[in-house]
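# Report on the structure
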Amino acid sequence: MSRQASRRGAWLAWIVQALLVLAVLAGAVWVMNHALEVLRSRGVRSGFDFLTEPAGFSISEGWLDFDASQPFWRAFLAGLINTVRAAVPAAVFAIVLGTLIGIGRLAPHVLLRGICTAYVEVLRNVPLLVQLLMLAFAMANLLPDPTEPVRLLPGVWLSNGGLSVPWPASGDGGWWPTHFEWPEKGDFGVSGGAALSPEYVTIVAGLSFYSAAFVAEIVRAGILSVSQGQVLAGQALGLTPGQQLRIVILPQALRVIVPSLTNQLLSLTKNSSLAVAVGYPELVSVANTTIGSNGRAFECIAIIMAVYLLLSLLISFGMNRYNARVALRGWQ
Amino acid sequence: MKSRFRPVLAVAASAFAFAAAAPAFAGKTLDAVKQRGTVKCGVTNGVAGFSAPDTQGNWSGLDVDTCRAIAAAVLGDAKKVDFVPLNSQQRFSALQAGEIDILARNTTWTLTRDASLGFNFTTITYYDGQGFLVPKKLKLTSAKQLKNATICTQSGTTNEKNVSDYFRAQNIPVKTVVFESFEASFKAFFSGRCQAFTTDASALAGLRNKEAPNPDDYVILPELISKEPLAPLVRRGDDEWFAIAKWVPNALIEAEEFGVTQANADDLKANSKDPAQQRLVGTGEDLGKLLGLDKDWSFRAIKAVGNYGEMFERNVGPKSVLKLPRGSNNLWSKGGLIYAPPVR
């Protein structure tokens, strides 16, 4: 009897929640329609019909080939893909670098600890936009011309024309890469491999360095949350410091790290919109150009909002799934 | 059961009331300006010759003078202008939303902007065209040699689209790198990121003379790839304000044509017998009242900023850093395109 009642209660709760969601959505649609209506009444053309018209501008780089005769929606898609193209490598670098620095902040060596602490304090306390502009300035003015690049690593060349790195290529023209193509220095600069534009290098490096400072603090907090007894137990078993970290500490620390890291990845993705200031053609840059050419500011901003919301929800979803895997299993 | 729905109905009713009360602007701008005591004028963040603040925050430029002339005509004081710096993406929304009364921000008059953004363009105050600035060491003599070049420009402008149109028509592949701010885009060019920089030719001259590390290292290519008629614009639906924004610049152009200057305006007011001059200095028939202004509207505007030729000379002409020739911007009677319908 009582079970039936609670079941009915659950149904009711579902229905109420569904109605609420519908009401909120309806409200959003209504506000949007109203805004468009007001714009129309002032003689402003509005609506999303422009998306199928030819864009008329080109996009300098990206994974999706785009030329000026293609429609606006494809320009937005190219912009979105460029956002992902910047955010994903930046997230990977930020996590790797941040983890190393976080561990470094707890290292027994004073100098190493000091350097890591200084890194965190400087990088997280200077606004990201300022850092990006500084990086862009340094790239442009301090690095040599493309004809005289600096070799960072074998096959990695850096100049004010950008970064060249080895890239998988297929010898037989098929889909599947068969070997790495190595950039080589010639008379007219570096050729071969993948040439990354200075704008792209600036945004990926800037986002990575900045986010790494926050990741470092998250990792440090996670490690400190593991009880000292666990470390002592590891020592008693004769594990080396590296093994203690890898086998004992990090798996337990992840539980604390992952939820905060989710936040960090979300803000990294959203921060990638600052790329517009350094000339990298991501979503916001495409929207800006569109606003300039047809003045549909309201619609473009709405698209940006919807896309970032969707990206953030996807990241949250993925990270929550991962979190469920690393979380402490027990009484639920 | 009925009572449960009452709050919902109340919310819905108030929402519809809100929907019905869409703000109306028609005919209100002049009243708002008079009540506020200032003209809100949208300008750039700093483009030499058109609108740029000095170190004390005083604005100067051709567009700035247009706004000052309107303030002088409407409020009797050229200083009563609030300059609102806007970037190229913000400018149109700011005017649509009513944050500014007039946008004088070297904005190109195009069909799309005129017919779909809810604006009225007023009088063309500068005939511009888009050009290219390149380093001299590349030894380029024509824009057609820019094959495979990287070109820096600012996003949200007509420039970006013109470049794409021009090189597509010529079937010349180029790459454009766009920056959000004008400053970032030209700095990238001067640091060597791009082989060419493109914007309106007037701004190119300013950049070369003011911002280049060494002006002699750069040349402006001969091609102008577009028509860029620059005009101030106002919101649609307020014909009274539109007329004022249109006729103040027209009066300044006509003042040049009939030889009324900042210096001789007082003298002409006292002594001139020429009906055209008399209308401009407020001693002929009263045209001001047709605009909702007083008889001295154009006299004050001329006293404040001089006639169009004086404005040109001071801001972009030989006496300025830009040192631009009059060219297309000379009076129609002297072989240029500057022509105002008669002030009478």
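Computed from a predicted model, the values in this text were never measured in an experiment.

On to the overall build of chain B. The helix and strand inventory of chain B stands at 13 helices and 14 strands. For chain B, the spread of C-alpha atoms along the three principal axes comes to 80 × 70 × 40 Å. Looking at chain B as a whole, 55% of its 344 residues qualify as buried. A separation of at least 24 residues holds for 71% of the contacts in chain B among residues at least 6 apart in sequence.

On to the side chain of Gln130(B). Topologically, Gln130(B) is positioned in strand 8 (residues 130-135). Of note is the side chain of Gln130(B), whose polar atom sits 3.1 Å from the backbone oxygen of Asn159(B).

All names here are of chain B. Domain boundaries assigned for chain B yield domain 1 (28-125 + 231-322) and domain 2 (128-227). The C-alpha centroid of domain 2 is placed 30 Å from the C-alpha centroid of domain 1. Listed per partner, the contact involves 11 residues of domain 1 and 14 residues of domain 2. Across the domain 1 to domain 2 interface the summed buried area is about 980 Å²; carbon plus sulfur atoms make up 51%. Of all residues in domain 1, Gln-89, Val-321 and Leu-322 bury the most surface against domain 2, accounting for 38% of the area lost on that side. Our count for the domain 1 to domain 2 interface comes out at zero salt bridges. Inspection of the region where domain 1 meets domain 2 yields four residue pairs in polar contact (both at pLDDT 80 or more). Of the residues in the side of domain 1 that touches domain 2, the class split is five nonpolar, four polar and two charged.

This paragraph deals with the interface of chain A and chain B. Counting residues at the interface gives 33 residues for chain A and 35 residues for chain B. Approximately 2800 Å² of surface area, both sides summed, lies buried where chain A meets chain B, with 53% of it carried by carbon and sulfur atoms. In terms of surface lost to chain B, no three residues of chain A exceed Trp30(A), Arg42(A) and Ser60(A), which account for 20% of the buried area on that side. One can count one salt bridge joining chain A with chain B. Linking chain A to chain B there are eight residue pairs in polar contact (both at pLDDT 80 or more). Contributions of two or more residues to the side of chain A that touches chain B are made by helix 1 (2-41), helix 4 (128-142), helix 5 (198-224) and helix 8 (283-294) of chain A. Among the elements that take part in the side of chain A that touches chain B, helix 8 of chain A stands out by supplying seven residues, more than any other. Its residues assigned to classes, the side of chain A that touches chain B comprises 13 nonpolar, 17 polar and three charged.

Attention now goes to the packing of helix 2 (residues 72-104) of chain A against helix 8 of chain A. Residue and element names in this part refer to chain A. Packing of helix 2 against helix 8 leaves a shortest axis separation of 7 Å and a crossing angle of 155 degrees. In terms of axis orientation, helix 2 runs roughly antiparallel to helix 8. Between helix 2 and helix 8, the contacting residues are Phe-72, Ala-75, Phe-76, Gly-79, Leu-80 and Thr-83 on the first element and Leu-283, Val-286, Ala-287, Thr-290, Ser-293 and Asn-294 on the second. Of the residues that constitute the contact of helix 2 with helix 8, the class distribution is seven nonpolar, five polar and no charged.

Residues and elements named next belong to chain B. Position of Asn-87 relative to the elements: it lies in the loop between strand 4 (81-85) and helix 4 (91-96). A polar atom in the side chain of Asn-87 sits 2.8 Å from the backbone nitrogen of Gln-90. The residues touching Asn-87, leaving out its near neighbours within four places in the chain, are Asn-45 and Arg-105.

The terminal C-alpha atoms of helix 9 (residues 239-257) of chain B lie 26 Å apart, and with 19 residues this matches the ideal 27 Å at 1.5 Å per residue to within 8%. Two residues or fewer after helix 9 of chain B comes Gly259(B), characterised by a positive phi angle close to 75 degrees.

What follows covers the state of the cysteines. All names here are of chain B. Going through the model one piece at a time under the given rule, you end up with two disulfides over all chains. Each sulfur of the disulfide joining Cys-41 and Cys-67 lies 1.9 Å from the other. Where Cys-41 bonds to Cys-67 through sulfur, the torsion about that S-S bond is close to 70 degrees, and the disulfide is right-handed. A residue pair is termed long-range when its members are at least 10 positions apart, and Cys-41 in strand 1 (residues 39-43) and Cys-67 in helix 3 (residues 62-75) qualify at 26 residues.

So, on to the sheet that holds strand 9 (residues 150-154) of chain B. Residues and elements named next belong to chain B. Across the sheet, five strands lie side by side as 10-9-11-8-12; this open sheet has mixed pairing. On the outer flanks of this sheet lie strand 10 (175-179) and strand 12 (218-220), each paired with one strand and no other. With direction set aside, neighbouring strand axes in the sheet form an average angle of 30 degrees. Here four bridges tie strand 8 to strand 11 (residues 196-200), and the two strands are oriented antiparallel to one another.

Residue and element names in this part refer to chain A. Topologically, Leu-153 is positioned in strand 1 (residues 150-153). You can call Leu-153 exposed: its relative accessible area is 53%. When the C-alpha positions of Leu-153 and Asn-33 are compared, they lie 55 Å apart, and in sequence the two are 120 residues distant.

Our focus in this paragraph is the sheet that holds strand 1 of chain A. All names here are of chain A. Pairing is antiparallel across the open sheet formed by four strands, whose spatial order is 1-2-3-8. The open sheet has two edge strands with one neighbour each: strand 1 and strand 8 (194-196). For this sheet, the mean angle separating the axes of adjacent strands, direction not counted, is 25 degrees. Across three bridges, strand 1 lies against strand 2 (residues 156-159) in antiparallel orientation. Within the sheet, the bridge partner assigned to Arg-151 lies in strand 2 and is Trp-157.

Cut-offs and rules
- Residues numbered from 1 in each chain as written.
- Chains lettered and ligands numbered in written order.
- Predicted model: local features only at pLDDT ≥ 70, side-chain atom pairs only at ≥ 80, totals over all residues.
- Heavy atoms only, no water.
- Helix = DSSP H or I, 4+ residues; strand = E, 2+ residues; numbered from the N terminus.
- Buried < 20%, exposed > 50% of the residue type's maximum accessible area, 1.4 Å probe, protein only.
- Contact = heavy atoms within 4.5 Å.
- Polar contact = N/O pair within 3.5 Å; in protein donor to acceptor, adjacent residues only side chain to side chain.
- Domains from an automatic or database assignment.
- Buried area = accessible area lost by both parts, 1.4 Å probe.
- Salt bridge = Lys/Arg side-chain N within 4 Å of Asp/Glu carboxyl O.
- Nonpolar A, V, L, I, M, F, W, Y, C, P; charged D, E, K, R; others polar.
- Axes fitted to C-alpha atoms, helices over the stretch in contact; angles between N-to-C directions.
- Parallel < 35°, antiparallel > 145°, perpendicular 65-115°, else oblique.
- Expected span 1.5 Å × (residues − 1).
- Disulfide = S-S within 2.5 Å.
- Pairing = 2+ DSSP bridges.

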